[in-house]
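So the chains spell out like this:
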Amino acid sequence: MKKISDLARAKENLKSMETLRSAGGSGETEPPTSEGDPRGSVRGRRVITDVVPSRPPGCASKNGSSGTKVTVQTNYYRVMKRPSWTIYQYRVDFVPEVDNTRLRRAYMNEHKQLFGGYIFDGTILFCCNQFKQLPNSNYVQELVTKNRAGEYIEIKIKHVGSVEAADNQQFQVLNLILRRAMEGLNLQLVARNFFDPQAKINLENYRMELWPGYQTSIRQHENDILLCAEIAHKVMRTDTLYNILSENIRDSDDYQNAFKRNVMGMVVLTDYNNKTYRVDDVDFSSSPLSKFETKEGKISYVEYYKKRYNIIIRDYKQPLIVSRPTEKNIRSGLDQLIMLIPELARATGMTDAMRANFRLMKAMSEHTRLTPDRRIERLRAFNQRLKQSKESTEVMRSWNIELDSALVEIPARILPPERIVFGDGKRYLCDSRADWTGEFRQSSMFSHVDIKRWYVITPRRNSRETQEFVKMCIRSASGMKMRIAEPRYEEIADDRNSNYSQAIDNAVAKDPQIVMLVLKAPNEEKYSCIKKRTCVDRPVPSQVVTLKTIAPRQEKAAGLMSIATKVVIQMNAKLMGAPWMIELPVRGLMTVGFDVCHSSKNKNKSYGALVATMDMKTSTRYFSSVTEHMKGQELSDQMAMNMTYALKAYREHHGSLPERILFFRDGVGDGQLYQVVNTEVKFLKAKLDEIYKSAGKEDGCRMAFIVVAKRINTRYFMNKRNPVPGTVVDDVITLPERYDFFLVSQAVRQGTVSPTNYNVIQDNMGLSADKLQMLAYKMTHMYYNYSGTCRVPSVCQYAHKLAFLVAESINRSPSSGLENQLYFL
């Protein structure tokens, strides 16, 4: 198998594919399956999720008042004319059957004068015109057209429903109209979003292209219908799976297993139908000459692609890629395996090796991390393109829709800056950088634990560098009034996993407070081995450092004291010390964070982690718990069980239950919100009320449950610059069915800052919206891995860190002996 498809051939294929498309060839059918070629009708994509009302009953106002009032510009445009139409929905059938969606659309387009503004996805027609039922027929229209062979084709249209202007479904139709208008900009739809291949950025050294594009969504906000437009970039590799296969054949003795390892789990794009598929397996027993069943009888893949797409497959000996049908495919009747040709499947996304390539990431960030002024410029250019493109304006006009040309400007507030409390009552007022790293040079930590017994495990060859770094840590700690004794060193002959395991066993037998381990270089397997040993088999807080970090090259050695300070702060936090504190006005408050992380070893397994504070006003202790659950399994039981353990720990520590619970739930996609609102929260609240009532508190538990969302498209700017930390927005772009707000809590040096969305689902804490916003902001200052603010409340970041550690490295529940320590930092 030595033929390699070069770029010239690939271009030739694409040209022939485009020729076919312009002649009416399909761009939208599935590749052949292993048994036949079943192609159901293509449904319009769901663009926005269903509206899930989650505003707690009795929530009168969600607007805060504290802070400095400012005006910010957003990445939203107003839809100027509010649609007042009723949209009629019809099903369209073709006799004889027309498989090709592109041809179906072309035949319907011949009758566009009849429909006015319309959207047709190949099966369902939406339009503003209402047709009366034909006499003695189930249909409202029966039209006739001719194909290229001169044969007559009947188009039968049947009324199936209507969408009123007040219906939420109208926004799905509005989004479909917008997508149809965007087709007039010569953009290419990849998966769910439109990208501009003409404006692609070539990163030739890395065999990669960046396609700029847009993510859009129209929905009802507080008072207006708004279009949210965000600049997106798609990483498009110029590698096909055939290129990867060829490299594996060249470089590996067992090329089949090497190829499987490289591509399984990868998402690939097939240019001929512009669809993405997940690689589930590789079938080396099949090739493009293998045959499969169709309505016309058996046909080989070589013949199929030549006949269907005018694509010539070059190498007849390559294996076939297997993609299992998704749940959506199965629901629509496509339940067979989908077979793909390596030379026609383009690799997408980035590998771990690419992400670890500093030069590549830097080259990419120059194009993807847009500063606010560049982002605003690109958003305005998008608006102008929509308004100037003849096709786009025709679509918008036919539906009587108009977009404003100015970005929406809205009121916002900058919350008062927080005071960070260090040892001896010293306070530091945060500035716009939201970073207090430099304060540790002249301040002691809020509370510290002296380290009297500890072990350092290091390869023998690196013991000199390790000892130098340990001395630096001891010197740094003394500057913060923390005493670290000289450690005992356990030197290992080499860095094999078994040596680390044995050294940990030897060290733990002497009952140390903490163990430091030195790795020659970052290594996932060794790290996993160490963490399994120190978190499960021999529970002890551990600090892993790499030689590259603690003994850098001479030119980078200047920052070593800063690294030593961070390591000391981290070790103190792992031993239940508190590097710093915030001024918290509420007593008896338990703050809880919950996040979910999917296992890298088993895609059907996930780990849910819960981390809780034990009233920060009087205690620096934490509680943590992790539980495993299978894909699709309800989380309510485990969440309630973990909360029961957290309350038990709180009661043992304080002698009573917390006065209030502030619960931050991370890891919720829009599609899961309904389940969280209607099942998870209700179950949790009932369980907590039961515990509180049995403890004599008849009113039950006072709790606010807030869903935290980071992956959002909303952006806002102040004077074409990033808003300062503490900028909160709780009106205009928020949603009427939610009690929600946006908060920028972190400062960024590059690109545009992303706000975090907080959606309050349950609240009987008795605190105003203003107080909840301020509490959320305060909690972003308490993440001990970074002496600055983070994007989410610290308990969410801790929960993510713990879930990630267990999912990636440990793959089982850690020892309960560590549950009161931040051992996972």
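Parameters and conventions
Residues numbered from 1 in each chain as written. Predicted model: local features only at pLDDT ≥ 70, side-chain atom pairs only at ≥ 80, totals over all residues. Heavy atoms only, no water. Helix = DSSP H or I, 4+ residues; strand = E, 2+ residues; numbered from the N terminus. Rg over C-alpha atoms; globule rule 2.2 N^0.38 Å. Contact = heavy atoms within 4.5 Å. Areas by Shrake-Rupley, 256 points an atom, 1.4 Å probe, with all protein chains shown as cover. Axes fitted to C-alpha atoms, helices over the stretch in contact; angles between N-to-C directions. Left-handed = near helix turned anticlockwise from the far one by under 90°. Nonpolar A, V, L, I, M, F, W, Y, C, P; charged D, E, K, R; others polar. Salt bridge = Lys/Arg side-chain N within 4 Å of Asp/Glu carboxyl O. Buried < 20%, exposed > 50% of the residue type's maximum accessible area, 1.4 Å probe, protein only. Pairing = 2+ DSSP bridges. Expected span 1.5 Å × (residues − 1). Phe/Tyr/Trp six-rings, centres within 6.5 Å; stacked < 30°, edge-to-face > 60°. Core = buried A, V, L, I, M, F, W, Y, C linked by side-chain atoms within 4.5 Å. Disulfide = S-S within 2.5 Å.

(A) Highlighting the overall build of the protein. Counting secondary structure elements, the protein contains 21 helices and 36 strands. Here the C-alpha atoms of the protein give a radius of gyration of 30 Å, agreeing with the 28 Å that 2.2 N^0.38 yields for 825 residues. With the principal axes as the frame, the protein shows a C-alpha extent of 90 × 70 × 50 Å. Contacts in the protein between residues far apart in sequence, at least 24 positions, make up 72% of those at least 6 positions apart. Summing over all exposed atoms, the protein offers an accessible surface of approximately 37,400 Å²; the carbon and sulfur share of this is 46%.

(B) A look at the packing of helix α15 (residues 524-537) against helix α21 (residues 794-810). Put simply, α15 and α21 touch, their axes get as near as 9 Å, and they point 115° apart. The chirality of how α15 crosses α21 is left-handed. In contact with Glu 524, Tyr 527, Ser 528, Lys 531, Lys 532, Cys 535 and Val 536 of α15, α21 contributes Leu 805, Glu 808, Ser 809 and Ile 810. Of the residues in the contact of α15 with α21, the class split is 5 nonpolar, 2 polar and 4 charged.

(C) Summary view of the pattern of salt bridges. Applying the stated rule across the entire model yields 38 salt bridges. For Arg 91, the salt bridge identified is with Asp 93, shortest N-O distance 3.3 Å. Look at Arg 91 and you get partly exposed, because its relative accessible area is 32%. In this structure, Asp 730 engages Arg 413 in a salt bridge whose closest nitrogen and oxygen atoms are separated by 2.9 Å. Here the residue Asp 730 occupies a position in the loop between β34 (727-729) and β35 (739-744), and Arg 413 occupies one in strand β20 (residues 403-414), the gap between them amounting to 317 residues. The exposure classification of Asp 730 matches that of Arg 413, with both residues buried.

(D) Broad picture of the sheet that holds strand β2 (residues 87-95). If you walk across this open sheet you meet the 5 strands as β3-β4-β2-β6-β5, and the pairing is antiparallel. Taken across any chain shown, the strands that pair with only one partner, and hence form the sheet edges, are β3 (118-120) and β5 (141-146). Taken pair by pair, the neighbouring strands of this sheet meet at an average axis angle of 25°, ignoring direction. Alignment of β2 against strand β6 (residues 152-163), held across 9 bridges, turns out to be antiparallel. Looking across to β6, one finds that Phe 94 is bridged to Ile 155. Each of β2, β3, β4 (124-127) and β6 is contacted by helix α4 (residues 169-183), which is oriented at about 85° to β3, the strand it contacts most.

(E) Layout of the pairing of strand β30 (residues 622-630). In terms of burial, β30 is largely enclosed, as 7 of its 9 residues are buried. The pairing of strand β29 (residues 605-613) with β30 spans 9 bridges and is antiparallel. Each residue of the ladder has a partner; that of Ala 612, found in β30, is Phe 623.

(F) Representation of α21 in the model. Look at α21: 22 Å from first C-alpha to last across 17 residues, which is about the 24 Å you get at 1.5 Å a residue. Positive phi shows up at Asn 811, right after α21, with a value of about 60°.

(G) Region of the structure containing unusual backbone geometry. The omega angle of the peptide bond from Val 95 to Pro 96 is -5°, so this bond is cis rather than trans. In this fold, Pro 96 is placed in the loop between β2 and α2 (101-109). Phi is positive for Asn 310, which is not a glycine, with a value near 60°. Within the secondary structure layout, Asn 310 lies in the loop between α7 (301-309) and β17 (320-323).

(H) Representation of the packing of aromatic side chains within the structure. For the coordinates displayed, the defined rule picks out 26 aromatic pairs. When the centroid spacing of 6.5 Å and the interplanar angle of 50° are considered together, the rings of Phe 94 and Phe 120 count as tilted. Here Phe 94 is found in strand β2, whereas its partner Phe 120 is found in strand β3, with 26 residues between them in sequence. As far as the burial class goes, Phe 94 and Phe 120 line up, both buried.

(I) How the structure looks around the nonpolar core. Phe 664 and Tyr 784 are the most contacted members of the largest nonpolar core, which totals 90 residues. For this core, the leading source of residues is α21, giving 10 residues. When residues no more than four places from it in sequence are discounted, the contact partners of Phe 664 are Thr 591, Val 592, Gly 593, Phe 594, Ile 706, Val 708, Tyr 758, Ala 776, Met 779, Pro 793, Val 795 and Cys 796. Ranked by size, the runner-up nonpolar core spans 37 residues in total, among them Ile 177, Leu 227, Leu 407 and Phe 717.

(J) Representation of the sheet that holds strand β23 (residues 454-459) within the structure. Pairing within the open sheet is parallel, and its 4 strands lie in the order β24-β23-β25-β26. Lying at the two open borders of the sheet, with one neighbouring strand each, are β24 (488-492) and β26 (542-546). For this sheet, the mean angle separating the axes of adjacent strands, direction not counted, is 20°. Direction of pairing for β23 relative to β24: parallel, over a ladder of 5 bridges.

(K) Structural detail: the state of the cysteines. Tallied over the entire structure, the rule returns 0 disulfides. Here Cys 127 is not cross-linked by a disulfide; its sulfur's nearest cysteine counterpart is in Cys 128, at 6.9 Å.

(L) Region of interest: the pairing of strand β32 (residues 703-709). Of all 7 residues that make up β32, 7 are buried, and the element is covered over most of its length. The alternating pattern of β32 places Met 703, Phe 705, Val 707 and Ala 709 and Ala 704, Ile 706 and Val 708 on opposite faces, both of which are buried. Of the strand pairs in this sheet, strand β31 (residues 660-665) and β32 are connected by 5 bridges, and their pairing is parallel. Note that in β32 the partner of Phe 663 across the bridge is Phe 705.

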